[in-house]
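# Secondary and tertiary structure notes
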Amino acid sequence: MIEQTLEYGPAAVMFSFGDPSPYTERVREAGAAVIIQVTDLDEAGQAVELGADVIVAQGTESGGHGGRHGRSTLPFVPVVVDMAEGVPVLAVGGIADGRGVAAVLALGAAGAVIGTRFQATAESLVDPATAKALVDGRGQDTERNRILDIARSSRWPSKYTARTLGHPYLDRWRGRETELAADPAAARLAYQADVASGNVPAQPVWAGEGVDLVTDLPPAAELVATLASEAGQALARAGRG
């Protein structure tokens, strides 16, 4: 996969959720920058040792997969910034408007990675039902879990759980993860049958805790301008404009 990626001459390659050490030098030799996303301090230390050009510090508020025993964005980012010693750090997790961008800049981050908010844009390729769920969703509706990975036979390591909006399988199996994982083949068949009958959606809705701030489906370029304007205003109010 790395070799195929490098055939396209990317400017950067980003690694997440695993040990990137066998691949970083090959990426660097190809002239691409190495970006490493980290979910805890051990991963952050490894990213520094590997000479990452950019480190992405992911807090547990983020949608999709992240560290089961990770840290919240607010306390995690400045610790990673200090460890990085000048390497640019991007913050991710619960950031959905310009105020969040301003906050992580104040923590020492060089910028932010924003996922959930950009799923809900005019150009996004998500299903219209997913976009509507994001607009209607609230932070308290999200839940970090491994149940949907087990039921879908998704090969994610158990140390990385996923934050999603509510799902019938979460209500059915909450607190019984071990029982579900004891027979993964049966779990997969049951899930596929429920999808086929329309009882459950085919895909989870990945969403971070900042989903409360997702209220519309603007064009991405318009959203970028709004984020920049909001961040500038927030920094000015904080006396850093």
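About the cut-offs
Residues numbered from 1 in each chain as written. Predicted model: local features only at pLDDT ≥ 70, side-chain atom pairs only at ≥ 80, totals over all residues. Heavy atoms only, no water. Helix = DSSP H or I, 4+ residues; strand = E, 2+ residues; numbered from the N terminus. Rg over C-alpha atoms; globule rule 2.2 N^0.38 Å. Contact = heavy atoms within 4.5 Å. Lys, Arg positive; Asp, Glu negative; His and termini not counted. Charge placed at Lys NZ, Arg CZ, Asp CG, Glu CD. Salt bridge = Lys/Arg side-chain N within 4 Å of Asp/Glu carboxyl O. Buried < 20%, exposed > 50% of the residue type's maximum accessible area, 1.4 Å probe, protein only. 1 Å grid on protein atoms, 1.4 Å probe; cavity = no way out; pocket = protein on both sides within 12 Å on 5 of 7 lines; lining within 4 Å. Points joined across faces, edges and corners; volume = space filled by probe spheres on them. Nonpolar A, V, L, I, M, F, W, Y, C, P; charged D, E, K, R; others polar. Arc of directions from axis to C-beta. Polar contact = N/O pair within 3.5 Å; in protein donor to acceptor, adjacent residues only side chain to side chain. Expected span 1.5 Å × (residues − 1). Pairing = 2+ DSSP bridges. Axes fitted to C-alpha atoms, helices over the stretch in contact; angles between N-to-C directions.

## Overview of the overall build of the protein chain
Within the protein chain, the secondary structure is distributed over twelve helices and eight strands. For 241 residues, the compact-globule estimate of 2.2 N^0.38 gives 18 Å, and the protein chain sits close to it at 19 Å. For the protein chain, the C-alpha atoms occupy an extent of roughly 55 × 40 × 35 Å along the three principal directions. Intrachain contacts of the protein chain at a sequence separation of at least 6 include 61% that bridge at least 24 residues. The protein chain carries 20 positive and 30 negative side-chain charges, and their two centres are separated by 5 Å.

## Here we look at the pattern of salt bridges
By the definition in use, this model includes 14 salt bridges. Arg152 serves as the salt-bridge partner of Asp149, at 3.8 Å between the closest nitrogen and oxygen. For Asp149, a relative accessible area of 3% puts it in the buried group. Since its relative accessible area comes to 24%, Arg152 is described here as partly exposed. With a shortest N-O distance of 3.1 Å, Asp194 and Arg172 are connected by a salt bridge. Remark: Arg172 occurs in helix α9 (residues 168-173) and Asp194 occurs in helix α11 (residues 184-196); sequence separation between them is 22 residues.

## Comments concerning the layout of surface pockets
By volume, the largest pocket amounts to about 370 Å³. Taken together, 23 residues line the largest pocket, and the ones lying closest to its centre are Ser62, Gly63, Gly64, Gly115 and Thr116. Broken down by secondary-structure element, the contributors of at least two residues to the lining of the largest pocket are β4 (64-67) and α6 (116-119). Considered class by class, the residues forming the lining of the largest pocket number ten nonpolar, 13 polar and no charged. Taken as a whole, the second largest pocket encloses approximately 160 Å³ of empty space. If one sorts the elements of the lining of the second largest pocket by residue count, helix α12 (residues 220-237) sits on top with five residues. Considering only residue class, the lining of the second largest pocket consists of five nonpolar, two polar and five charged.

## Comments concerning helix α7 (residues 128-136)
Within the sequence span of α7, burial applies to Thr130, Ala131, Leu134 and Val135. Buried residues of α7, viewed axially, fall in a sector of 140°; they line one side. Exposed side chains of α7 directed beyond 90 degrees from the buried face belong to Pro128, Ala129 and Lys132. Summarising the contacts, the buried residues of α7 are in contact with α6. The distance from a side-chain oxygen at the start of α7 to the backbone nitrogen of Ala129 is 2.8 Å, and the residue carrying that oxygen is Asp127.

## Notes on empty space enclosed by the protein
Counted under the stated rule, the structure contains one cavity of 30 Å³ or more. Considered as a void within the structure, the largest cavity measures approximately 40 Å³ in volume. Forming the boundary of the largest cavity are Ser16, Phe17, Gly18, Pro20, Ile36, Gln37, Val38, Glu43 and Gln46. The set of elements that each furnish at least two residues to the lining of the largest cavity consists of β2 (33-38) and α3 (41-49). The biggest single contributor to the lining of the largest cavity is β2, with three residues. Here the lining of the largest cavity is built from residues that sort into four nonpolar, four polar and one charged.

## So, helix α4 (residues 73-84)
For α4, spanning twelve residues, the distance from its first C-alpha to its last is 16 Å, which sits close to the expected 16 Å at 1.5 Å a residue. Within α4 the residues assigned to the buried category are Thr73, Phe76, Val77, Val80, Val81 and Ala84. Buried residues of α4, seen end-on, are gathered within an arc of 135° and therefore sit on one face of the element. Exposed positions of α4 whose direction lies more than 90 degrees from the buried face are Leu74 and Asp82. Among the structural elements, β2, α3, β3 (54-58), β5 (89-92) and α5 (98-106) are those in contact with the buried residues of α4. A positive backbone phi angle near 50° is found at Glu85, which sits one or two residues after α4.

## A closer look at the sheet that holds β4
What the three strands build is an open sheet, ordered β4-β8-β7; its pairing is antiparallel. A strand with exactly one partner marks an edge of an open sheet, and here the two such strands are β4 and β7 (143-145). Averaged over neighbouring strand pairs, the angle between their axes works out to 35° when direction is ignored. Relative to strand β8 (residues 160-164), β4 runs antiparallel, the two sharing four bridges. Residue pairing for β8: His65 is matched across the bridge by Ala162.

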